[in-house]
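Letter by letter, the chains look like this.
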Amino acid sequence: MSITSKDNNWRVQTSLETGLIAKRPAEQGWVLVASFILAGLAASVSVTWARHAVLAKSSLEMAHGASESEEAAQSGLNHAREQMRQGHPPGNCGDGTEQVVLTEGGHVVTIEREVSSHKRRRLRTYATKMNGQFTEEAAVRARARVVQESNSEGEPTRLNCDSGAVSTMMAGLVTVLSGSNTYSDVDMAGLFILEPGADLTLENVVLRGAVITRAGRCADEPMQTGSNRPTINMVGDIRLIAGTVLPDVAMVAPDCVVTADVDARVEIQGQVVANELDLPCRGSLRGMVVTEKRGNIGGGCKRPGYGRGPQSWSNELVAGAERVTLISFPSESYTESEMDAMESCNVFN
């Protein structure tokens, strides 16, 4: 009995073991399928994460530039725009008036600006950096449309030195005024040049031509300050009409203080540049008005065309401040020699 019992127990164990063995292949198949599913999910998550990482890197490059040199060149372009707005526009390498800035990262950034017309500018910045035996370089070229503006304590708006000198020499009538001068009930013509400290009073006067100060004639002349600033006082009926020597320019006096009596009637046809301008009277102003420090034009003064977009700017004047309104980054076209080289190339020879 005991042997049989042991034998039966052994057989029961054996049958149970056999049963377990019979079930293992099915369980292994389920585990294999589950492993494939988990592996597929893991691969999907990995691919999704990798794609997200690539997109994030691409966005980072678009936002900050693909290299430090490109970031430095782009920063130079923004610096040029800000300098133009403040009245300190950079020049170009041709005449040695470009701006050179050394960044904290060790980049030498050169900033250039070229006047292509009185409403367009070419801007160029390039950055270089020595990195061991290699040199990192990046450049940005752009074309901008600008609107000339008045500014505060920046580069004053004046005549171009060449055109200013030529205009003075070609003018048939040139009157140089110093000290105190008064003109009443008279029609006048020509260019009137105000010396430092000159005081001019106009009463019931028609002036066909332009009023200029020394500082307005050329950038080589210093700006007068304080009591040395020339002054113009307008009383009664005043007409300032731009002449043919300086077309569209009635006054170029960036260091002059211009005031009108409250009961005066003033008509100005042409652009006006003054240090301070106070017109609390009735009148009409046809042209751009630029004040270097302060400007007050009363409600009784009409300004046809003002507020309907940028007003015309005389080609005789060099703007002190420029606001960039449009900017483009045109691609550089192939030169004729490059086109000839590409057409003559034969990869089979």
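Preceding block: the structure.
Below is a short write-up of the structure. Bear in mind the structure is a predicted one, so any value in this text is a computation, not a measurement. (Residues numbered from 1 in each chain as written. Predicted model: local features only at pLDDT ≥ 70, side-chain atom pairs only at ≥ 80, totals over all residues. Heavy atoms only, no water.)

### Remarks on the packing of aromatic side chains
- Under the counting rule described, the total for this entry stands at 1 aromatic pair.
- For the ring pair Y183 and F192, a centre distance of 6.2 Å and an interplane angle of 80° mean the geometry is edge-to-face. (Phe/Tyr/Trp six-rings, centres within 6.5 Å; stacked < 30°, edge-to-face > 60°.)

### What to know about unusual backbone geometry
- Located in the positive-phi region is D185, a residue other than glycine, with phi close to 50°.
- Here D185 shows up in strand 7 (residues 180-194).
- D185 gets classed as exposed once you look at its relative accessible area, which sits at 59%.
- Notably, D248 is not glycine yet its phi reads approximately 65°, a positive angle.
- Position of D248 relative to the elements: it lies in the loop between strand 9 (231-242) and strand 10 (249-260). (Helix = DSSP H or I, 4+ residues; strand = E, 2+ residues; numbered from the N terminus. Buried < 20%, exposed > 50% of the residue type's maximum accessible area, 1.4 Å probe, protein only.)

### Let's talk about the sheet that holds strand 4 (residues 134-149)
- Reading across from one edge, 1-2-3-4-17 is the order of the 5 strands in this open sheet, with antiparallel pairing throughout. Only two strands of the sheet have a single neighbouring strand rather than two, namely strand 1 (99-102) and strand 17 (321-328). Averaged over all neighbouring strand pairs, the angle between strand axes comes to 30°, with direction disregarded.
- Of the strand pairs in this sheet, strand 3 (residues 120-131) and strand 4 are connected by 12 bridges, and their pairing is antiparallel. What sits directly across from Y126, in strand 4, is A139. (Pairing = 2+ DSSP bridges. Axes fitted to C-alpha atoms, helices over the stretch in contact; angles between N-to-C directions.)

### Comments concerning the nonpolar core
- With 31 residues, the main nonpolar core has I232 and M234 as its most contacted residues.
- Residue assignment for this core shows that the elements contributing at least two residues are strand 7, strand 8 (199-213), strand 9, strand 10, strand 11 (265-269) and strand 12 (271-279).
- It is strand 10 that provides the largest number of residues to this core, a total of 6 residues.
- Setting aside residues up to four positions removed in sequence, M234 forms contacts with L202, L240, V258, T259, A260, D261, A264, V266 and L279.
- Formed by 15 residues, the second largest nonpolar core is a distinct cluster that contains A72, M84, L123 and V140. (Core = buried A, V, L, I, M, F, W, Y, C linked by side-chain atoms within 4.5 Å. Contact = heavy atoms within 4.5 Å.)

### A word on the state of the cysteines
- The tally for this structure, following the rule as stated, stands at 1 disulfide.
- A sulfur-sulfur distance of 2.0 Å marks the disulfide that ties C161 to C218. Judged by the torsion about the S-S bond (85°), the C161/C218 disulfide is right-handed. Taken together, the positions of C161 in helix 3 (residues 161-170) and C218 in the loop between helix 4 (214-217) and strand 9 put the pair 57 residues apart, joining distant regions of the chain. (Disulfide = S-S within 2.5 Å.)

### Details of the side chain of T213
- Assignment of secondary structure puts T213 in strand 8.
- Among residues more than four places away in sequence, those in contact with T213 are L194, P230, V252, A253, P254, D255 and C256.

### Some thoughts on the pairing of strand 11
- A one-sided burial pattern is seen for strand 11, the buried positions being V266 and I268 and the unburied ones R265, E267 and Q269.
- Taken together, the 5 bridges between strand 9 and strand 11 define a ladder with parallel strand orientation. Looking at strand 11, one finds that D237 is bridged to R265.
- Of the pairings in the sheet, the one linking strand 11 to strand 13 (residues 282-286) comprises 5 bridges and is parallel in character. Residue pairing in the sheet places Q269 in a bridge with R286 of strand 13.

### A few points about the pattern of salt bridges
- Going through the model one piece at a time under the given rule, you end up with 11 salt bridges.
- With a shortest N-O distance of 3.1 Å, E112 and R124 are connected by a salt bridge. One end of the pair, E112, is in strand 2 (residues 108-117); the other, R124, is in strand 3, with 12 residues separating them in the sequence.
- Owing to a relative accessible area of 13%, E112 belongs among the buried residues under this scheme.
- Taking the shortest distance from any N to any O, the salt bridge between R214 and E195 comes out at 2.7 Å. Of this pair, R214 sits in helix 4 while E195 sits in the loop between strand 7 and strand 8; the two residues are 19 residues apart in sequence, bridging distant segments of the chain.
- Where salt bridges share partners, they join R113, R121 and E322 into one cluster. (Salt bridge = Lys/Arg side-chain N within 4 Å of Asp/Glu carboxyl O.)

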